[in-house]
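Read off the chains here:
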Amino acid sequence: MTWSREASRPPPAAGGGFTLLELLVVIAILGFALVLIAGYKAPWSNVAALRATAAELASGLRLARSEAILDNRSVVLALDLERHSWRVGAGSPHPLPARLSIELLTIAGERADARQGDIRFNPDGSSSGGRISIADGGGRIAIGVDWLTGRVHVANAH
């Protein structure tokens, strides 16, 4: 009996690997999925955006009141209706969405002109008072400031 080396080897594996066509199909599917994911935008909610903007403005008003009390000096929240922005004191301006309509109701002494106005907070926490109304489509929210206490409140305006 003769022994040969070829007889003890296992037969070669058939079909070990992927064809070029299979790899290209997988890459194309992954590329298509990436385009779908990258191009996805969450549905726009006017109500949620309006509430978020109102919360941001109310936060700015509360910040101005806190700074006035803490620093024992008057601090204003300046609202620029033309540029759709606001700022607290000498701070940097915060933009508001351009699609919003904005109205400011405050005392005559705090209005620079029809495009700009302030709500002033005093060191004792009181304020000049006023109301900022923002609207987008069918929704309207009013951010009010009580003149005696400086308290800020947000309410849906119908």
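Look up a bit, the structure's there.
Throughout, residues of each chain are indexed from 1 in the direction in which the sequence is written. Note on the predicted model: pLDDT of at least 70 is required for a residue's local features to be given, and 80 or more for side-chain atom pairs to be given and counted; whole-chain, interface and lining totals, by contrast, use all residues. Note that water and hydrogens are dropped before the side-chain values are worked out from all heavy atoms of the structure.

Undergrad: Looking at this structure, I do not really get the sheet that holds strand β5 (residues 111-113). What am I missing?
TA: Hydrogen bonds between backbone atoms are what pair the strands of a sheet, whose relative direction is either parallel or antiparallel. Two strands are counted as paired when DSSP detects at least two bridges linking them. Runs of E in the DSSP output that reach at least two residues are strands. Runs of H or I that reach at least four are helices, and both are numbered from the N terminus. Spatial ordering of the open sheet is given by β3-β2-β1-β6-β5, a layout of five strands whose pairing is antiparallel. The outermost strands of the open sheet, each flanked by one partner alone, are β3 (94-95) and β5. For strand β2 (residues 85-88) and β3, the ladder comprises two bridges, and the chain directions are antiparallel. Bridging across to β3, W86 finds its partner in H94.

Undergrad: Honestly, the nonpolar core in this entry has me stumped. Any pointers?
TA: Taken as a class, soluble globular proteins show a tendency for nonpolar side chains to be buried jointly. Core analysis: the largest hydrophobic core is formed by 25 residues, its most contacted members being L61, L79, I102, I132, I134 and I143. Residue assignment for this core shows that the elements contributing at least two residues are α3 (46-71), β1 (75-80), β2, β4 (101-105), β6 (116-121), β7 (130-136) and β8 (139-145). Here this core takes seven residues from α3, the largest share from any one element. Only heavy atoms matter for contacts: two residues are in contact if any of them lie within 4.5 Å across the pair. Discounting residues that sit within four places of it in the chain, I132 has contacts with L57, L61, L77, L79, I102, E103, L104, I119, I141, A142 and I143. Residues belong to a common nonpolar core when they are buried Ala, Val, Leu, Ile, Met, Phe, Trp, Tyr or Cys residues joined through side-chain atoms within 4.5 Å. For each residue, the accessible area found with a 1.4 Å probe, counting protein chains only, is set against the maximum for its type, and the residue is called buried under 20%, exposed over 50%, and partly exposed in between.

Undergrad: How should I be thinking about the environment of A68 in this particular structure?
TA: For A68, the position within the fold is in helix α3. Sequence-wise, A68 and G89 are 21 residues apart; in three dimensions their C-alpha atoms are separated by 9.6 Å. When residues no more than four places from it in sequence are discounted, the contact partners of A68 are R73, V75, F121, N122 and P123.

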